[in-house]
Amino acid sequence: MVGRFLLLLATLLALTLPARAQDFSALARYEPERSAITQQGGQTEITLGISQPVIYRVFLLAAPYRLVVDFREVNFGTSTPQELLGGADAITNLRWGAFRPGWSRMVAELDGPVRLVSSEERTEGETEIRIKLEPVPVEKFTPRKGAADSALWDLPQPAQVSNAHRRQDGARPLVVVLDPGHGGIDPGAEDGGTREADIVLGFARQLRDQLRRAGMTVVMTRDQDVFVPLETRVTVARAAGADLFVSLHADSIAEGQASGSSIYRLSDHAEDDATRKLVARHDRDDILAGVDLDGQGDQVAHVLVDLARRETQPRSLRLSQVLAGAIKGAGLHMHKHPVQGADFSVLKSPDIPSVLIELGFLSSPADRKRLQDPDWRARMAAAITRGIESWAQSDAAEAKLLRQ
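Cut-off values and rules
Residues numbered from 1 in each chain as written. Predicted model: local features only at pLDDT ≥ 70, side-chain atom pairs only at ≥ 80, totals over all residues. Heavy atoms only, no water. Helix = DSSP H or I, 4+ residues; strand = E, 2+ residues; numbered from the N terminus. Buried < 20%, exposed > 50% of the residue type's maximum accessible area, 1.4 Å probe, protein only. Contact = heavy atoms within 4.5 Å. Pairing = 2+ DSSP bridges. Axes fitted to C-alpha atoms, helices over the stretch in contact; angles between N-to-C directions. Salt bridge = Lys/Arg side-chain N within 4 Å of Asp/Glu carboxyl O. Core = buried A, V, L, I, M, F, W, Y, C linked by side-chain atoms within 4.5 Å. Expected span 1.5 Å × (residues − 1). Phe/Tyr/Trp six-rings, centres within 6.5 Å; stacked < 30°, edge-to-face > 60°. Lys NZ or Arg CZ within 6 Å of the ring centre and 35° of its normal. pLDDT = per-residue confidence, 0-100.

*Asks:* Can you walk me through the environment of R233 in this structure?
*Replies:* With respect to the helices and strands, the residue R233 is situated in helix α4 (residues 230-239). Given the relative accessible area of 3%, R233 is considered buried. Separated by 14 residues in the primary sequence, R233 and S247 have C-alpha atoms spaced 9.3 Å apart. Excluding its chain neighbours within four sequence positions, the residues that come into contact with R233 are D179, P180, G181, H182, T221, R222, V228, F245 and V346.

*Asks:* How should I be thinking about the sheet that holds strand β11 (residues 175-180) in this particular structure?
*Replies:* Across a sheet, paired strands are connected by hydrogen bonds in the backbone, their directions being either parallel or antiparallel. With mixed pairing, the six strands of this open sheet are ordered in space as β14-β11-β15-β18-β16-β17. Two strands bound the open sheet, and with one partner strand each, they are β14 (217-220) and β17 (334-342). Adjacent strand axes in the sheet meet at a mean angle of 20 degrees when their direction is disregarded. Across the face of the sheet, helix α3 (residues 196-213) comes into contact with β11, β14 and β15 (244-249) while running at roughly 165 degrees to β11. Taken strand by strand, α4 contacts β11, β14 and β15, and its axis lies near 165 degrees from that of β11.

*Asks:* Can you help me understand the pairing of strand β8 (residues 103-110) in this one?
*Replies:* Side-chain positions along a regular strand alternate between the two faces of the sheet. The element β8 is extensively covered by neighbouring structure, given that eight of its eight residues are classed as buried. Covered by surrounding structure in β8 are W103, R105, V107 and E109 together with S104, M106, A108 and L110, the residues of both alternating faces. Alignment of strand β5 (residues 66-72) against β8, held across six bridges, turns out to be antiparallel. Bridge pairing in β8 places D70 opposite R105. Taking the residues between adjacent antiparallel strands as the criterion, strand β7 (residues 91-100) and β8 are bridged by two residues, where G102 takes a positive phi near 90 degrees.

*Asks:* Honestly, the pattern of salt bridges in this entry has me stumped. Any pointers?
*Replies:* For side chains of opposite charge, pairing can occur when their charged atoms come near one another. Here the structure, examined in full by the defined rule, presents 22 salt bridges. Note that R57 is salt-bridged to D70, the shortest N-O span being 2.9 Å. A residue pair is termed long-range when its members are at least 10 positions apart, and R57 in strand β4 (residues 55-61) and D70 in strand β5 qualify at 13 residues. In this structure, the salt-bridge partner of D395 is R167, at a minimum N-O distance of 2.9 Å.

*Asks:* Which parts of the structure should I look at to understand the nonpolar core?
*Replies:* General note: in soluble globular proteins, nonpolar side chains tend to be found buried as a group. Ranked by size, the top nonpolar core spans 39 residues in total, and within it V246, L248, L359, I384 and I388 carry the most contacts. Within the residue set of this core, elements represented by two or more residues are β11, α3, β14, β15, α6 (299-329), β18 (354-358) and α8 (374-403). It is α8 that provides the largest number of residues to this core, a total of eight residues. What V246 contacts, discounting residues up to four positions off in sequence, is V176, V177, L178, D179, V355, I357 and I388. One finds I50, L84, L94 and L110 within the second-largest nonpolar core, a separate group that totals 28 residues.

*Asks:* Mind showing me how you'd approach the sheet that holds strand β10 (residues 128-135) here?
*Replies:* With antiparallel pairing, the four strands of this open sheet are ordered in space as β2-β3-β10-β9. Strands with a single pairing partner mark the edges of an open sheet, and in this sheet they are β2 (36-40) and β9 (114-122). Neighbour-to-neighbour, the strand axes of the sheet open up by a mean angle of 15 degrees, direction not taken into account. The sheet contact formed by β9 and β10 spans eight bridges and is antiparallel. Bridging from a neighbouring strand, E121 pairs with I129 of β10.

*Asks:* Sorry if this is basic, but what is going on with α3 here?
*Replies:* Within an α-helix, residues lying three or four positions from one another point in the same direction, as the helix has 3.6 residues per turn. Here α3 spans 26 Å end to end across 18 residues, near enough to the 26 Å set by a 1.5 Å rise per residue. Elements that come into contact with the buried residues of α3 comprise β11, β13 (194-195), β14, β15, α7 (365-371) and α8. Looking at the residues trailing α3, positive phi occurs at G215, about 95 degrees.

*Asks:* So what exactly am I meant to see when it comes to the packing of aromatic side chains here?
*Replies:* For any pair of aromatic rings, geometry is given as the distance between the ring centres together with the angle between the planes. Taken as a whole and judged by the stated rule, the model has seven aromatic pairs. Relative to F76, the ring of Y30 lies with its centre 5.4 Å away and its plane at 45 degrees, an arrangement referred to as tilted. A residue pair is termed long-range when its members are at least 10 positions apart, and Y30 in the loop between β1 (28-29) and β2 and F76 in the loop between β6 (74-75) and β7 qualify at 46 residues. In terms of burial, Y30 and F76 fall into one category: buried. Of the aromatic side chains, those joined through ring pairs into one cluster are Y30, F71, F76 and W96. One cation-aromatic arrangement involves R105 over F99; the distance from NZ or CZ to the ring centre is 3.8 Å.

*Asks:* Could you clarify how one ought to interpret the confidence of the model for the chain in this entry?
*Replies:* Interpreting fine coordinate detail is not advised for predicted regions of low pLDDT. Within the chain, residue pLDDT values average 83, and 78% of them lie at 70 or more. Between the elements of the chain, mean pLDDT differs from a low of 34, seen in helix α2 (residues 19-22), to a high of 98, seen in α3. Overall, residues 1-26 carries pLDDT values under 50, and its contacts beyond four positions in sequence, including any with other chains, amount to 33 contacts. Residue range residues 154-162 is modelled with pLDDT below 50. Its contacts to residues more than four positions away, or to other chains, number two contacts.

*Asks:* In this structure, what is going on with the pairing of strand β16 (residues 261-266)? I would like to understand it.
*Replies:* When you tally the buried positions in β16, you get six out of six residues, the bulk of the element. Strand direction decides the pairing type here: β16 and β17, joined by five bridges, are parallel. Considered in β17, the bridge of S261 is made with M334. Sheet topology places β16 next to β18; three bridges connect them, and they run antiparallel. When the bridges of β18 are listed, Y264 appears paired with L356.

Here is the structure:
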């Protein structure tokens, strides 16, 4: 009875507290010593020990098969998902972490289709969440089961805007959206004890301050260690009325030697095998973080998007070339192919010039050292700022000519 009261109280608080007060409240702590994954009689059971009751939901996704558990919210601390793996063959991989402010997520990759036998939160004595799964034929797999709409979870409706965003012409401050890659449940590349999500967030904050000092308006797609889906990152840019979208990454490549910074602009296809692997991994990171991509795609919309990109893509290409020139001009090391084309999802906004900057590769010891060097980071932020200023001036001049 006490457990039910606590759960009801948590629900009421979540509905009444202002959004800022809910951010990262860490309502419960994950307790690894009381957690396990076991398999018995054809069923797989996941037991998660937590310090107190939380609101949660459980659902299944396909392509690949995944179990997703959202919590409001659980602090996993320094525990790693790998510590929980090994008790059942049905779960091939596991990840967890912050998903959005006030919410945590756990995603279990499955070796095939399953059904959700039961899901319960036991609150008598020590709190634990127990989830049971069992294999089923493909035709009996039911994705999204348990993912009911919730006022606590669903995103707010898009804001109504009176006028379409006009191309910048220098008459107002440039609006730049900075997009630090990965975050939360998705750490990105990890090499030499360094996480990509941490490196790019720290650099983005430094670059944001530099751009603001230059008189620009800057919006961040994330300013803390939280997961933001790829499509949402583009939505943030559109909601901000962005004149420019800059995504920041520091990937790792297992095959071959890659080092130095590089700039990517949108292309229908990647220009080399290494880039194709990077694009595939970025999209797969979103999938493995539990994003449901079913139902996307509209042929008419694609035609309209292609028309809009006829103006935007040349501007993005010029931006990538100007940025590369500014970085080279600052004496900073660049990749042997400094400007490349690729079909990264975050570059697909049809009406906002967009680039993705690989600051360096964590798989390169030299790049890792540079990425952690305060002097290098300051020089890189200054070079990118100069490049954006130069591009904005020529882009504004072209806009004025087009309007005459």
